[in-house]
Amino acid sequence: GNFTDATETLKEEVMQFVNQIGEIVHGCVDDYMGAPNKNIGDCFLLVWRLSGIEPEKQKKLADMAMMSIVRMIAEVNKSRKLAVYRDHPGLLQRVRKYRV
């Protein structure tokens, strides 16, 4: 998959790349009342706890979860730190239709 290609291409830089994305993901999830649970390779497990929450508020939390994803995409796209990887020659060569 693309994450394996990115890992092999970026080598030492891969942790910096993942951490920069993780910083955005965690911040957005926190801002929208969610909880980042763990990072597994190219996936982030994000949780919005609904137990003990009244049904009307559960709907709002579901909306907040969706809004956090929209914001993550926007933040990744406008990140100056991640912009470096958009034009990374190795990634562009190795991963077809590569995007950050």
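Up top is the structure these notes are about.
Residues numbered from 1 in each chain as written. Predicted model: local features only at pLDDT ≥ 70, side-chain atom pairs only at ≥ 80, totals over all residues. Heavy atoms only, no water.

Draft legend 1. Spotlight on the overall build of the protein. Secondary structure summary: the protein contains five helices and two strands in total. Reading the protein from its N end, one meets helices and strands in the order α-α-β-β-α-α-α. In terms of principal-axis extent, the alpha carbons of the protein reach across some 50 × 25 × 20 Å. Scored against the burial criterion, the 100 residues of the protein give a buried share of 28%. At a minimum sequence separation of 6, the contacts of the protein that also span at least 24 residues come to 48%. Here the protein has roughly 7100 Å² of accessible surface; of this, 55% comes from carbon and sulfur atoms. Of the charged side chains in the protein, 15 are positive and 13 negative; the average position of the first set lies 3 Å away from that of the second. (Helix = DSSP H or I, 4+ residues; strand = E, 2+ residues; numbered from the N terminus. Buried < 20%, exposed > 50% of the residue type's maximum accessible area, 1.4 Å probe, protein only. Contact = heavy atoms within 4.5 Å. Areas by Shrake-Rupley, 256 points an atom, 1.4 Å probe, with all protein chains shown as cover. Lys, Arg positive; Asp, Glu negative; His and termini not counted. Charge placed at Lys NZ, Arg CZ, Asp CG, Glu CD.)

The values are spatial; any link to function lies outside them.
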